[in-house]
There are 2 protein chains.
Amino acid sequence: MQKAENFSFYKDLKEEDRRLVRENLREYTFHRGAQVYNGDCTGLLYVESGRLRVYTLSETGREITLYRIAEGGVCLFSASCALRGIDFHVFAVAETEVRLILIPAEIYKKLSEKSVAVNGFTNALMAQRFSEVMWVLDEVLNKKFDARLAALLLEEEAYAGTADLKITHEQLAAHLGTVREAVSRMLKYFESEGLVELSRGTIRIANAEELR
Amino acid sequence: MQKAENFSFYKDLKEEDRRLVRENLREYTFHRGAQVYNGDCTGLLYVESGRLRVYTLSETGREITLYRIAEGGVCLFSASCALRGIDFHVFAVAETEVRLILIPAEIYKKLSEKSVAVNGFTNALMAQRFSEVMWVLDEVLNKKFDARLAALLLEEEAYAGTADLKITHEQLAAHLGTVREAVSRMLKYFESEGLVELSRGTIRIANAEELR
């Protein structure tokens, strides 16, 4: 399979537009922890392997995770300059080593101006991201902090495939849009309840049943 | 001007699609306070006069205002079934008497399937709404409650064109995604600081400078 076929609209393009995509396709690899984009406008990114975390920054510099993009997913806001009406910035960081395929923003914009398929793709993807952010908003507004932290620990366990989580309190705080102190306090409380065991650099989930 | 021309993509449609729009256009009037839509899928709404408030409901039944749509604006999520990928519900209520022009959802969907202009319009509008919701998320996460309430009072003053606001504590709470008690407590505090004067059914802004 050609790399370009990873973009689902590719098959619906005319041959001249397919060629435009193929000739401008780029590939990148980012190491774990690398900043993949900083609110800039590189283009449409397809995640060939690995996982991106997309987040926003508050005025005070706090991060909050909006959604993650795993293998097979597409990052839309890295092409924000090709989208009319977007006036916010999101950022993405590589949570694992990631391999990406890029359609540059100017090419994507050209396609958007003439292809119903590309526009339909943009619409559906934006709607999906919008839905995810609405979920975050609901969670932030309504869920209690202990439930949010417990859910995050279980999610991390599922991703990592182990109960020994190599994640810092700082990182958890960034996911939840709060400060490290709040996370440390709640983790201490969880420890006192026998739900987790804390040691330097590791959080072990001791009682997943009760965390649920 | 024809009513259909209020939709900016109309001029870019082929004549057969223009006719489709014209023949299916409907008009509605809602009184102040009426529920305009309840997460259902009526179609694309153009606000000819008046103002809509679009909000979401939390699990616990609390409202939070996402954005408002004034004269000349278009309500997109009232056509959510015509959009792929949307899995949340928003609701709209008439804040004043409103007159609306509707393109039914099935007609809008048909247009979306063949017109680049309609898709571009959908993209731009969704991006704008997304930006507004990101702003709400940021505000909820970061701004202190007193600053949020003060900003809302000043906004209401600007809309109403008077310092005497006929708005209940309940309504203010719904705007801010909180409970009436929290609003009443903060208003009492504002009153003690000489910023507002409270009387039955009215909140008078006494010192707009200090509220800022």
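Described in the following lines is the structure provided in the data block. Throughout this document, residue positions are counted from 1 along each chain, in the order its sequence is written. Chain letters start at A and ligand numbers start at 1, both assigned in the order the entries are written. Thresholds applied to this predicted model are a pLDDT of at least 70 for local features of residues and 80 or more for the giving and counting of side-chain atom pairs; totals over whole chains, interfaces and linings are not thresholded and use all residues. Side-chain metrics in this entry use all non-hydrogen atoms of the structure; hydrogen atoms and water are not considered.

Moving on, we come to the nonpolar core. The biggest cluster of nonpolar side chains holds 102 residues, and the ones touching the most others in it are Val36 and Phe77 of chain A together with Val36, Phe77 and Tyr108 of chain B. The contact criterion used throughout is that any non-hydrogen atoms of two residues lie within 4.5 Å. Ignoring anything within four residues of it in the chain, the contact list for Val36 of chain B reads Phe30, Leu45, Leu52, Ala92, Val93, Ala94, Val98 and Leu100 of chain B. Residues grouped as a nonpolar core are buried Ala, Val, Leu, Ile, Met, Phe, Trp, Tyr and Cys residues, joined through side-chain atoms within 4.5 Å. Throughout, exposure labels follow a simple rule: accessible area from a 1.4 Å probe, protein chains only, divided by the maximum for the residue type, with under 20% read as buried, over 50% as exposed, and the rest as partly exposed.

Moving on, we get to the sheet that holds strand β7 (residues 91-94) of chain A. Residues and elements named next belong to chain A. The four strands lie next to each other as β2-β7-β4-β5, forming an open sheet whose pairing is antiparallel. Single-partner strands in this sheet number two, and they are β2 (35-38) and β5 (63-70). For this sheet the average axis-to-axis angle between neighbouring strands, irrespective of direction, equals 25 degrees. Here a strand pair is declared whenever DSSP counts at least two bridges between the two strands. In this text, helices come from DSSP runs of H or I with a minimum length of four residues, and strands from runs of E with a minimum of two, each type numbered from the N-terminal end. As defined by bridge partners, strand β4 (residues 51-57) adjoins β5 across seven bridges and the pair is classed as antiparallel. In the sheet register, Leu57 faces β5, and the bridge partner there is Glu63. Only the stretch in contact is used when fitting a helix axis, every axis being a line fitted to C-alpha atoms; angles between N-to-C directions are given from 0 to 180 degrees. Running at roughly 90 degrees to β5, helix α5 (residues 169-176) makes contact with β4 and β5 of the sheet.

Time to look at the interface of chain B and chain A. For an interface, size is often stated in terms of accessible area lost upon the parts coming together. Between chain B and chain A, the residue contacts involve 41 residues of the former and 41 residues of the latter. In short, buried area is how much 1.4 Å probe accessible area vanishes from two parts on joining, totalled over both. Taken together, both faces of the contact between chain B and chain A bury some 3,200 Å²; the carbon and sulfur share is 68%. By definition here, a salt bridge exists when the distance from a side-chain nitrogen of Lys or Arg to a carboxyl oxygen of Asp or Glu is within 4 Å. Our count for the chain B to chain A interface comes out at zero salt bridges. A 3.5 Å cut-off defines polar contacts: any pair of N or O atoms within that distance qualifies, except that in protein one atom must be a possible hydrogen donor and the other a possible acceptor, and neighbouring residues in sequence count only when both atoms are side-chain atoms. Counting across the chain B and chain A interface gives nine residue pairs in polar contact (both at pLDDT 80 or more). Looking at the side of chain B that touches chain A, the elements that each hand over two or more residues are β4 (51-57), β5 (63-70), α2 (105-114) and α3 (116-142) of chain B. For the side of chain B that touches chain A, the leading source of residues is α3 of chain B, giving 21 residues. Residue polarity is assigned by list, with Asp, Glu, Lys and Arg as charged and Ala, Val, Leu, Ile, Met, Phe, Trp, Tyr, Cys and Pro as nonpolar; anything else, Gly included, falls into the polar class. By residue class, the composition of the side of chain B that touches chain A is 19 nonpolar, 14 polar and eight charged.

All names here are of chain B. Overall, antiparallel pairing links the four strands, which are arranged β2-β7-β4-β5 in an open sheet. A single partner strand is all that each edge strand has here, and the edge strands are β2 (35-38) and β5. Sheet twist, expressed as the average angle between the axes of neighbouring strands with direction ignored, equals 25 degrees.

What follows is about the side chain of Arg53 of chain B. All names here are of chain B. Along the chain, Arg53 falls in strand β4. Polar contacts involving the side chain of Arg53 include one to the side chain of Thr65, which spans 3.1 Å. Leaving out residues up to four positions away in the same chain, Arg53 has contacts with Glu63, Thr65, Tyr67, Arg68, Phe91, Ala92, Val93, Glu95 and His175.

With that out of the way, let us pick up the state of the cysteines. Residue and element names in this part refer to chain A. Pairs of cysteine sulfur atoms within 2.5 Å are identified as disulfides in what follows. Applying the stated criterion to the full structure yields two disulfides over all chains. Put simply, Cys41 and Cys81 are joined by a disulfide, and their sulfur atoms are 1.9 Å apart. Its S-S torsion of about -75 degrees marks the bond between Cys41 and Cys81 as left-handed, since a negative value means left-handed. In this pair, Cys41 is assigned in the loop between β2 and β3 (43-49) and Cys81 in the loop between β6 (74-75) and β7, connecting sequence segments 40 residues apart. We classify Cys41 as partly exposed; its relative accessible area is 26%. Cys81 gets classed as partly exposed once you look at its relative accessible area, which sits at 47%. Take Cys75: it sits in no disulfide, and the sulfur closest to it among the cysteines is that of Cys41, at 11 Å.

Taken as rigid bodies, chain B and chain A are interconverted by a rotation of 179 degrees and an axial shift of 0.1 Å, the fit giving an RMSD of 0.1 Å. What the superposition gives is, in effect, a two-fold axis relating one chain to the other. Least-squares fitting of one copy onto the other uses the C-alpha atoms of those residues that reach a pLDDT of at least 70 in both copies.

For the rest of this paragraph, the subject is the packing of aromatic side chains. Two aromatic rings, taken as a pair, are described by how far apart their centres are and by the angle between their planes. Any pair of Phe, Tyr and Trp rings, taking the six-membered ring for Trp, is counted once the centres come within 6.5 Å. Such a pair is stacked with planes under 30 degrees apart, edge-to-face with planes over 60 apart, and tilted for the rest. Under the criterion given, the structure shown has 19 aromatic pairs over all chains. Between the aromatic rings of Phe130 of chain A and Phe88 of chain B, the centroid separation amounts to 5.2 Å while the plane-to-plane angle is 40 degrees, which identifies the pairing as tilted. Within this pair, whereas Phe130 of chain A is found in helix α3 (residues 116-142), its partner Phe88 of chain B is found in the loop between β6 (74-75) and β7 (91-94), the two belonging to separate chains. For Phe130 of chain A, a relative accessible area of 0% gives the class buried.

A complete count under the given rule lists 33 salt bridges over all chains for this structure. Across the pair Asp164 of chain A and Arg204 of chain A runs a salt bridge whose closest N-O atoms are separated by 2.7 Å. Here the residue Asp164 of chain A occupies a position in strand β9 (residues 164-165), and Arg204 of chain A occupies one in strand β11 (residues 202-205), the gap between them amounting to 40 residues. For Asp17 of chain B, the salt bridge is made with Lys114 of chain B, and the minimal N-O distance between the two is 3.0 Å. Here Asp17 of chain B, found in helix α1 (residues 15-24), pairs with Lys114 of chain B, found in helix α2; they are 97 residues apart in sequence, far enough to count as distant. Under the relative-accessibility criterion, Asp17 of chain B is labelled buried at 6%.

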